[in-house]
There are 2 protein chains.
Amino acid sequence: MIFRAIALLMLLIAPAGAEELRGTGDLGLIVEREAGSLLVVDRSERAAIGRIEGLGDLSHASLVYSPDERFAYVFGRDGGLTKVDILTRAIVNRVVQAGNSIGGAISDDGRLVAVSNYEPGGVKVFDAETLELVADIPMGSKTVGIADVPGGRFVVATWDTGEVWLLDHSAEPADPVITKLTGIGANPYDALLTGDGRTYIVGLFGEKGLTAVDLWQDPPRATRFLPDYGKDQPDLPVYKMPHLQGWTLADGIYALPAVGLHQLLWVDAATLSEIARTDLAGQPVFAVARPDKREVWVNFAPPDNDKVQVVDVLTRQVTDTLTPGKGVLHMEFAPRGREVWLSVRDENRVEIRDARSHELLGEIPAQAPSGIFFTDRAHRTGL
Amino acid sequence: MIFRAIALLMLLIAPAGAEELRGTGDLGLIVEREAGSLLVVDRSERAAIGRIEGLGDLSHASLVYSPDERFAYVFGRDGGLTKVDILTRAIVNRVVQAGNSIGGAISDDGRLVAVSNYEPGGVKVFDAETLELVADIPMGSKTVGIADVPGGRFVVATWDTGEVWLLDHSAEPADPVITKLTGIGANPYDALLTGDGRTYIVGLFGEKGLTAVDLWQDPPRATRFLPDYGKDQPDLPVYKMPHLQGWTLADGIYALPAVGLHQLLWVDAATLSEIARTDLAGQPVFAVARPDKREVWVNFAPPDNDKVQVVDVLTRQVTDTLTPGKGVLHMEFAPRGREVWLSVRDENRVEIRDARSHELLGEIPAQAPSGIFFTDRAHRTGL
């Protein structure tokens, strides 16, 4: 009787395996797009420690973390906004907030989560705690490239109308002060906010060139640059428009994937003019700086998506070509750059390599893995 | 009987109040120097949630975090190296490893903790898990300004011999490959590693000027600069030599406290030449960039240590002067810069202010608080 009571009590009281007391600074989530699940990983152990299922359509899914690095907000293609607890490995809440969403951001105080939508367009802003709708901001357009701006703000570009909207929620979360910039260019398809939150770079699909918006100016000031950037070689089809999140700012120079070309472009961040090109093994998709900014790592569109190339920032030469396997979709560095994790989708595994020797340190089985997101993103602007 | 057994069991099994399941990304530690204790704070709650006592002499103490943001390694002036658990709020381990230590660093894989010592000098390297001695590297000198360099390395300067030592533990932790640079200058008193891990800046006490070491070159290359930097106004005593950790790199420009002058110096990071000065309300101690690098916040040596000044990076003008109270020793920004925490030592409290409106958001009682350390430092190089 005593023992039965004690056994029962232990079941009730004792933490489940998933609920051990632990820090959350070395955790991460890997998107398993076809399974609609997230693999929970431990960087220190180089291992998967759990899985969270039932997140719907995760193709092109992205996510952001709460400031305490315990919760993630997952933005699904199906319009689902799901809050997950990486300690208990459970879905905390889920709302289907739109017909077709493409990304989101969390405010710098962690209190608001904003989602940009294709269908019905505009931006919806939710309470990060409850997922209750706080503000609904129709913009008469699909929206792309939403990012958190310091000071309780968000910035987003509009596909149909070629505008940039700056939403300031700092005084009144439910009723943001809106600053609208028009004439940004035809059909923004993606955008990037630099890590300091100063420069918002908008990629254009409807015309060549890009637009940089300086958010430190009042009102923000837009500048067109790289007037020839875009698809300009009719004999080379563009297999995949590069994400602007694949741009990198290293040592005052942007490294960016050339659209439809087998090249990396180097652009001076101060003058916004092209200063060099590096020939690559294929059409680049992501160009990601190692955290020390000494190297840029590049992955590729098919048929070269089995490769990764490493480019030295000082010499702008390719220093190594790796072949992790078919379908290298994403690269994520440990925050201080000691190692890099690579999704190898078609081989259902994640590779872990030393970021200097390039030696293979470990592998983790995963179901068609795509995006890898470590919790240190909680502390960075524009991710 | 049953109930007594159950009650006993609950005491044994149930987590203590301090051991709730929670994320660690929004936690921090505040040094209470005279009490020899650490206040555990929660950024999200803007509150103290516990205290860890018994750490010995914490004057000039600093600390670093494990990659999982659960443990801190505290470097005390008395040579004590203490590992604390911020979740259970307990001392995990403590060794008195030297007679007089002045700082430490943790390797980029989180496996090694290095301590630089005045007495007996040199550097000792410990296993981060167990605090067992891994390597003892005498250098024939007191050492200062130790920092973690990407790739399993540490860098440190030697006070007596004017050298910089680069220790590479990546292949053999117990037997580092040593690169020694001589002729750095007379009596380095402190040093700073830039956030990308590229440039190590050494301040000199025995002569004027500073030395910048470019760690991306092989071998590392040293350059002397600012030949007039140092105490040069005999009528103005230097109340406190500014910490080089109080330097800031914003937008390609260093902002640094002028020694013995009421000025902030602006130095071009590429050419290492002075480009401007800003007049201040006192002798600056720390010049800290808000995380978006738009502003530099400055505190002061006595008798002006009741003030904080805010300087705009674009115009280099003082835009605000705050008077939090006597003994403002340290400023720490939330990682994405929404708010700033200020130690007001002589008033036994920590102030929390909005980093844009400068509005007071909260206060926390603390015993003679000095350094404030948020856990996001775990993810940054050179802190």
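An unreviewed UniProt entry annotates chain A as protein NirF of Paracoccus halophilus.

(A) Representation of the pattern of salt bridges within the structure. With the rule as written, the count across this model stands at 52 salt bridges over all chains. For D109 of chain A, the salt bridge is made with R338 of chain B, and the minimal N-O distance between the two is 3.2 Å. Taken as a pair, D109 of chain A in the loop between β8 (100-106) and β9 (112-119) and R338 of chain B in the loop between β28 (328-333) and β29 (339-344) lie in two separate chains rather than in one. Judged by relative accessible area, R338 of chain B falls into the buried class, the value being 15%. Between D292 of chain A and R356 of chain A there is a salt bridge; the shortest N-O distance is 2.9 Å. With D292 of chain A in the loop between β24 (284-289) and β25 (295-300) and R356 of chain A in the loop between β30 (349-354) and β31 (360-365), this pair connects stretches of sequence that are 64 residues apart. Overall, R356 of chain A belongs to the partly exposed group, its relative accessible area being 33%. Put simply, E347, R349, E351, R353 and E363 of chain A are held in one network by salt bridges that share partners.

(B) Structural view of the pairing of β30 of chain A. All names here are of chain A. Most of β30 is tucked away: 6 of the 6 residues are buried. The alternating pattern of β30 places R349, E351 and R353 and V350, I352 and D354 on opposite faces, both of which are buried. Across 6 bridges, the pairing between strand β29 (residues 339-344) and β30 is antiparallel. Bridge pairing in β30 links E339 to D354. Counting the residues that bridge the hairpin from β29 to β30 gives 4 residues, and of these N348 lies at a positive phi of roughly 55°.

(C) Structural context of the sheet that holds strand β7 (residues 90-96) of chain A. Residues and elements named next belong to chain A. With antiparallel pairing, 4 strands are arranged side by side in an open sheet as β4-β5-β6-β7. With partners counted over all chains shown, the strands left at the sheet margins are β4 (62-65) and β7, one partner each. Averaged over all neighbouring strand pairs, the angle between strand axes comes to 20°, with direction disregarded. In the sheet, strand β5 (residues 71-75) pairs with strand β6 (residues 80-85) via 5 bridges, with the strands oriented antiparallel. The residue of β6 that forms the bridge with F71 is D85.

(D) Quick look at the packing of aromatic side chains. Overall, the coordinates contain 8 aromatic pairs over all chains when judged by the stated rule. Note on W159 of chain B and F205 of chain B: the rings are 5.9 Å apart at their centroids and 40° apart in plane angle, and the pair reads as tilted. With W159 of chain B in the loop between β13 (153-158) and β14 (163-168) and F205 of chain B in the loop between β17 (199-204) and β18 (210-214), this pair connects stretches of sequence that are 46 residues apart. Here W159 of chain B falls in the partly exposed class, since its relative accessible area comes to 22%. Taking the centre distance of 5.5 Å and the plane angle of 90° together, the rings of W297 of chain B and F333 of chain B count as edge-to-face. Remark: F333 of chain B occurs in strand β28 and W297 of chain B occurs in strand β25 (residues 295-300); sequence separation between them is 36 residues. When its relative accessible area of 0% is taken as the criterion, W297 of chain B is described as buried. In this structure an aromatic cluster arises from ring pairing among W159, Y189 and F205 of chain A. Against the face of F374 of chain A rests R43 of chain A, its NZ or CZ located 5.6 Å from the ring centre. Across from the ring centre of F71 of chain A, 4.7 Å away, lies the NZ or CZ of K83 of chain A, which sits over that ring.

(E) Structural context of the interface of chain B and chain A. Counting from both sides, the interface comprises 55 residues of chain B and, opposite them, 54 residues of chain A. Counting the surface lost from both chain B and chain A, the interface buries some 4,700 Å², and carbon and sulfur atoms represent 57% of this. In this assembly, chain B and chain A are joined by 6 salt bridges. The tally of links from chain B across to chain A stands at 23 residue pairs in polar contact (both at pLDDT 80 or more). Counting residues per element, the side of chain B that touches chain A draws most heavily on helix α1 (residues 2-13) of chain B, at 6 residues. A per-class count over the side of chain B that touches chain A returns 17 nonpolar, 13 polar and 25 charged.

(F) Quick look at the relation of the copies chain B and chain A. Superposing chain B onto chain A takes a rotation of 180° plus a shift of 0.0 Å along the axis, which leaves an RMSD of 0.0 Å. On this basis, the relationship between the two copies can be described by a two-fold rotation axis. The fraction of interface residues of chain B whose copies in chain A are also interface residues reaches 98%, indicating that both copies meet through the same surface.

(G) Molecular detail of the side chain of E339 of chain A. Residue and element names in this part refer to chain A. Among the structural elements, E339 can be located in strand β29. Looking at E339, its side chain comes within polar contact range of the side chain of W341, at 3.1 Å. With near-sequence residues (within four places) excluded, E339 lies in contact with R43, R46, E332, F333, A334, I352, R353, D354, A355 and L361.

(H) Local environment of the environment of V92 of chain A. Residues and elements named next belong to chain A. Position of V92 among the secondary structure elements: in strand β7. As for V92 and T130, which are separated by 38 residues in sequence, their C-alpha atoms are 9.3 Å apart. When sequence neighbours within four positions are dropped, the list of residues in contact with V92 reads F71, K83, V84 and D85.

(I) A look at the pairing of β13 of chain B. All names here are of chain B. Counting buried positions along β13 gives 6 out of 6 residues, so the element sits mostly inside the fold. Alternating positions in β13 separate into two faces, R153, V155 and A157 on one and F154, V156 and T158 on the other, with burial throughout. The sheet contact formed by strand β12 (residues 143-149) and β13 spans 5 bridges and is antiparallel. Pairing of D148 across the sheet is with F154, part of β13. The pairing of β13 with β14 spans 6 bridges and is classified as antiparallel. Of the residues in β14, the one forming a bridge with T158 is E163. Following β13, the chain reverses through 4 residues before pairing antiparallel with β14; G162 in that reversal takes a positive phi of roughly 65°.

(J) Region of the structure containing unusual backbone geometry. Going from D218 of chain A to P219 of chain A, the amide bond is cis rather than trans, its omega being 0°. Cis geometry is found at the peptide bond from E119 of chain B to P120 of chain B, where omega equals 15°. Relative to the assigned elements, P120 of chain B resides in the loop between β9 (112-119) and β10 (123-127). Unusually for a residue other than glycine, R316 of chain A sits at a positive phi of about 60°. Within the fold, R316 of chain A resides in the loop between β26 (308-312) and β27 (318-322). The partly exposed category is assigned to R316 of chain A, whose relative accessible area is 25%.

(K) Region of interest: the sheet that holds β9 of chain A. Residues and elements named next belong to chain A. Spatially, 4 strands are ordered β8-β9-β10-β11 in an open sheet, and the strand pairing comes out antiparallel. The sheet terminates laterally at β8 and β11 (133-137), the two strands that pair on one side only. The mean inter-strand angle of the sheet, taken between neighbouring strand axes irrespective of direction, is 20°.

Parameters and conventions
Residues numbered from 1 in each chain as written. Chains lettered and ligands numbered in written order. Predicted model: local features only at pLDDT ≥ 70, side-chain atom pairs only at ≥ 80, totals over all residues. Heavy atoms only, no water. Salt bridge = Lys/Arg side-chain N within 4 Å of Asp/Glu carboxyl O. Helix = DSSP H or I, 4+ residues; strand = E, 2+ residues; numbered from the N terminus. Buried < 20%, exposed > 50% of the residue type's maximum accessible area, 1.4 Å probe, protein only. Pairing = 2+ DSSP bridges. Axes fitted to C-alpha atoms, helices over the stretch in contact; angles between N-to-C directions. Phe/Tyr/Trp six-rings, centres within 6.5 Å; stacked < 30°, edge-to-face > 60°. Lys NZ or Arg CZ within 6 Å of the ring centre and 35° of its normal. Contact = heavy atoms within 4.5 Å. Buried area = accessible area lost by both parts, 1.4 Å probe. Polar contact = N/O pair within 3.5 Å; in protein donor to acceptor, adjacent residues only side chain to side chain. Nonpolar A, V, L, I, M, F, W, Y, C, P; charged D, E, K, R; others polar. Least-squares fit on C-alpha atoms with pLDDT ≥ 70 in both.

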